[in-house]
Amino acid sequence: MKKVLKRTMLASSILLAGISASAFAAAQDAASAMPDMSGKKILVGFWHNWASKSDGYKQGTSAEMPLSEVPEAYNVITVAFMTGDGIPSFTPYNLSDEAFRAQVAQLNAGGRAVLLSLGGADAHIQLSQGDGPKFAEEIIRLVEKYGFDGLDIDLEGSAITAGKNVTEIPAALKIVKQKYPHFIISMAPEFPHLRNGGMYQQLIKNLEGYYDFISPQFYNQAGDGVYVDGVGWLAQNNLEKQGDFLFYLTDSLIHGTRDYIQIPADKFVIGLPSNPDAAGSGYVKNEADVRTTLERLAAQGTPIKGLMTWSVNWDAGRNASGNAYGYEFANRYGNLIHEDHVDAPDTEAPGAPGKPAAMVSASMISLQWRAAVDNQGVKHYEVLRDGNAIGQPMLPEFHDTAIKPATQYAYQVIAVDNAGNRSAASETTYVTSADQEQKPEQDVQAPSVPQGLQASGISQTSVQLKWQAASDNVAVTGYRVWRDNKLVHTGAHTQWTDSSLKAGSTYHYQISAVDAAGNQSVKGPSITVKTDAQPDNGGPDNGGDHSQWSSQTIYHGGEVVSWKGKQYKAKWWTQNNEPGASDVWQSMSQDVSGEWNAGNVYLGGDEVKYQGKSWVAKWWTKGDKPDSSDVWRLK
């Protein structure tokens, strides 16, 4: 953590020193001020930075419109897209730089924010190690040139975890956020990637406390969905149960249940298509389904931030018969989002922030801590030094420069929500500032050993693990899960589901804790888990093996097939996606699966042979050679 802090601060100082007023000639117009969207309900609309096309899912045509003519109902407009090899960038397709900035200024003058979206379905973004500061510099250049108010991350497919995206993109955005406190950071992931272990999980974790909202795409996922006890499987394309799907998937995500990660309600925006031409599935025909969902969420004390749509241009487009859609989405949901709702008073205090981690010098003590969680949103933090308030940062970090050399200080952090509720104080961090000639002390103390490891929800192929939190002299930053003495998972939470097991097999698990300095505890007590036996399916000469995959068969999440000597489990609805060549299928075996093939999809834990050596995939990959990509590690 200390090295990361040092690099981030150094990068920030280089950027701030190197970007002078003379580098950007933009006038101080309305585009220079970033609208503050915190605490506001939002209707987000994507805007096409390209010419009109007749490429709708129902052969309709999207409209071409000036950015400044986006309807007032949309108070956040996201420009699509920032793309390119290496460090991605952006250029208006049909306007001069000055004319485009003038349109952004017009929207900003009305209190509306304009974001720039990174990626899109057809773009492959891939940053390399150390690209964070360069990417931050490019974002800052675009902010100064065009007046953008934030960045939306819309990475899809292999681009999500390509190269060093999950670390370098957050590193860049933290630098930008330090320069512009009201700079908006958002994401628009497809909802299957938000499951535990999904491709967006680490990216979101690395931006925890910094992102402003996330707009999961509740569309284009056909039969995938969420299973609810007592209700059953709710598929995204089941029109009869669309209202229940919207509510329960949102409820799962804002509470971190039903195998989905957690996104706070006050940072949650439901993403829907504008009309049937905008997406292959997911269009909500009945306004009552959305209204009822928002009312149910508010009634249980978790009102969300708003709605997002792909896209404004489709909202203004025409169907295949030439009939105008007439801004159906904006007219239908604009008032619903912006109307006043009388919610129950918020009396719930935020959870306590994490214990501050410190980097020390003779003139400054830099603090970072785990972000607090609140039912309706953390407004700011109060930093206490020796019991006295010294700052109110919006982000989970603070630099204290009013210190003396060789002096001990005690720091705590309190979270305050929008209603003024205050959390309990964090654990106290005791720090002694350095003498002018001293080097910062290094943390060499390992965390305590995690205890209380338990297993539940055991099935043929998975088990849910939970354990008690460890403690540390500075801060515990993560846990490592060991299966049969092999590292199989690293994460920040005290629970994890291992879903890559074999039926009727025995496994031994241990947990170790890691702190910000990289110190690791001793592994905790081992527990033994035996998965359920595989039922005899009566297959001929195969001892009950699962049926062979067929391109003509529709499979649902959880169904298992055999293909080319391996078994695969479907993550969600699929048809005609070959196992081993599509990430909709999860391999149920981590045995060496033969020679590496450039056309196959490999998932985290899959093993291959390449040039006489055994390699293990760290995460999703396709086409990345084991000896030339950090996606692979030698076994």
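To start, this report covers the structure provided alongside it. (Residues numbered from 1 in each chain as written. Predicted model: local features only at pLDDT ≥ 70, side-chain atom pairs only at ≥ 80, totals over all residues. Heavy atoms only, no water.)

Right, let's get into the overall build of the chain. A count of helical and extended segments in the chain gives 9 helices and 33 strands. Buried positions account for 52% of the 635 residues belonging to the chain. For the chain, contacts bridging at least 24 residues in sequence account for 66% of all contacts bridging at least 6. With the model as given, the accessible surface of the chain reaches about 27,700 Å², and the carbon-plus-sulfur share is 48%. (Helix = DSSP H or I, 4+ residues; strand = E, 2+ residues; numbered from the N terminus. Buried < 20%, exposed > 50% of the residue type's maximum accessible area, 1.4 Å probe, protein only. Contact = heavy atoms within 4.5 Å. Areas by Shrake-Rupley, 256 points an atom, 1.4 Å probe, with all protein chains shown as cover.)

For the rest of this paragraph, the subject is the pattern of salt bridges. What the rule picks out here adds up to 14 salt bridges. Put simply, Glu208 and Lys205 hold a salt bridge, and the shortest N to O gap is 3.0 Å. By relative accessible area, Glu208 is classed as partly exposed at 30%. Assessed through its relative accessible area of 26%, Lys205 is described here as partly exposed. Asp251 is paired through a salt bridge with Arg258; the nearest N and O atoms lie 3.0 Å apart. (Salt bridge = Lys/Arg side-chain N within 4 Å of Asp/Glu carboxyl O.)

This part is about the side chain of Asp443. Checked against the element boundaries, Asp443 lands in the loop between β17 (429-432) and β18 (454-456). For Asp443, a relative accessible area of 10% corresponds to the buried category. There is a polar contact of 3.2 Å between the side chain of Asp443 and the side chain of Asn473. (Polar contact = N/O pair within 3.5 Å; in protein donor to acceptor, adjacent residues only side chain to side chain.)

This paragraph deals with unusual backbone geometry. The step from Ala80 to Phe81 runs through a cis peptide bond, and the omega angle for that step is 10°. For Phe81, the location among the structural elements is in strand β2 (residues 76-82). In the segment running from Trp310 into Ser311, the intervening peptide bond is cis, with an omega of 0°. Mapped onto the secondary structure, Ser311 falls in the loop between β10 (306-310) and α8 (312-315).

Moving on, we get to the sheet that holds strand β3 (residues 113-119). Pairing in this open sheet of 8 strands is parallel, and the strands run β6-β5-β4-β3-β2-β1-β10-β9 from one edge to the other. Each edge of the open sheet is held by one strand with a lone partner, namely β6 (213-214) and β9 (269-273). Across 5 bridges, the pairing between β9 and β10 is parallel. Its bridge partner being in β10, Leu272 is matched across the sheet by Thr309. Set on the sheet, helix α3 (residues 132-146) makes contact with β2, β3 and β4 (150-154); between it and β2 the angle comes to about 125°. The strands that helix α9 (residues 328-338) touches are β1 (42-48), β9 and β10; relative to β1, the one it contacts most, it runs at about 150°. (Pairing = 2+ DSSP bridges. Axes fitted to C-alpha atoms, helices over the stretch in contact; angles between N-to-C directions.)

On to the environment of Gly580. If you trace the backbone, Gly580 turns up in the loop between β26 (566-570) and β27 (585-587). Judged by its relative accessible area of 10%, Gly580 falls in the buried class.

In this section: the sheet that holds strand β13 (residues 378-385). Taking strand neighbours across the sheet as the criterion, the 4 strands line up as β14-β13-β16-β17 in an open arrangement whose pairing is antiparallel. One side of each edge strand has no neighbouring strand; the edge strands of this open sheet are β14 (388-391) and β17. In this sheet, neighbouring strand axes are inclined to one another by 40° on average, regardless of whether the strands run parallel or antiparallel. Both β13 and β14 contribute to a ladder of 3 bridges, which runs antiparallel. Bridge pairing in β14 places Val383 opposite Gly391.

What follows deals with the nonpolar core. Counting residues in hydrophobic clusters, the biggest one holds 87 residues, and the most contacted among them are Leu67, Phe148, Phe183 and Phe218. When residues no more than four places from it in sequence are discounted, the contact partners of Phe183 are Met34, Ile139, Val143, Asp149, Gly150, Leu151, Leu173, Val176, Lys177 and Asp212. By size, the runner-up hydrophobic cluster in this structure holds 19 residues, among which are Ala80, Ala113, Val269 and Trp314. (Core = buried A, V, L, I, M, F, W, Y, C linked by side-chain atoms within 4.5 Å.)

A complete count under the given rule lists 23 aromatic pairs for this structure. Aromatic side chains Phe81 and Trp310 sit 6.0 Å apart centroid to centroid with 15° between the ring planes, which places their arrangement in the stacked category. Linking Phe81 in strand β2 with Trp310 in strand β10, this pair joins segments that are 229 residues apart in sequence. Within the aromatic cluster, the residues linked to one another by ring pairs are Trp47, Phe90, Phe100, Tyr146 and Phe148. Positioned above the aromatic ring of Tyr211, the side-chain terminus of Lys267 is 5.8 Å from the ring centre. The aromatic ring of Trp482 is capped on one face by Lys523, whose charged end is 4.0 Å from the ring centroid. (Phe/Tyr/Trp six-rings, centres within 6.5 Å; stacked < 30°, edge-to-face > 60°. Lys NZ or Arg CZ within 6 Å of the ring centre and 35° of its normal.)

Turning next to helix α7 (residues 287-299). With 13 residues, α7 should cover 18 Å at 1.5 Å per step; its first-to-last C-alpha distance of 18 Å lies within 8% of that length. Against the buried residues of α7 lie α6 (242-255), β9, β10 and α9. Looking one or two residues past α7, Gly301 carries a phi angle of roughly 85°, positive in sign. (Expected span 1.5 Å × (residues − 1).)

Of the two faces of strand β19 (residues 463-466), the one lined by Val463 and Leu465 is fully buried and the one lined by Gln464 and Lys466 carries no buried residue. Where β18 lies against β19, 3 bridges are found, and the strand directions are antiparallel. Looking at β19, one finds that Gln454 is bridged to Lys466. Linkage of β18 to β19, two consecutive antiparallel strands, is achieved through a turn of 6 residues, within which Gly457 is found at a positive phi near 60°. Here β19 pairs with strand β22 (residues 495-498) via 4 bridges, running antiparallel. Opposite Lys466, over in β22, you have Gln495 as the bridge partner.

Take the packing of helix α2 (residues 97-109) against α3 next. The interhelical angle for the contact between α2 and α3, taken along N-to-C directions, is 80°, at an axis separation of 8 Å. Here α2 lies roughly perpendicular to α3, going by the angle between them. Together, Asp97, Phe100, Arg101 and Val104 of α2 and Val143, Glu144, Lys145 and Tyr146 of α3 make up the contact between the two elements. A per-class count over the contact of α2 with α3 returns 4 nonpolar, no polar and 4 charged. (Parallel < 35°, antiparallel > 145°, perpendicular 65-115°, else oblique. Nonpolar A, V, L, I, M, F, W, Y, C, P; charged D, E, K, R; others polar.)

The buried fraction of β10 is high, at 5 of 5 residues. Here β10 shows a buried face lined by Gly306, Met308 and Trp310 and a second buried face lined by Leu307 and Thr309. In this structure, β1 lies alongside β10, joined through 4 bridges in parallel fashion. Bridging across to β10, Val44 finds its partner in Met308. Remark: the β9/α7/β10 crossover connection has right-handed handedness. (Right-handed = clockwise from strand over helix to strand, strands pointing away.)

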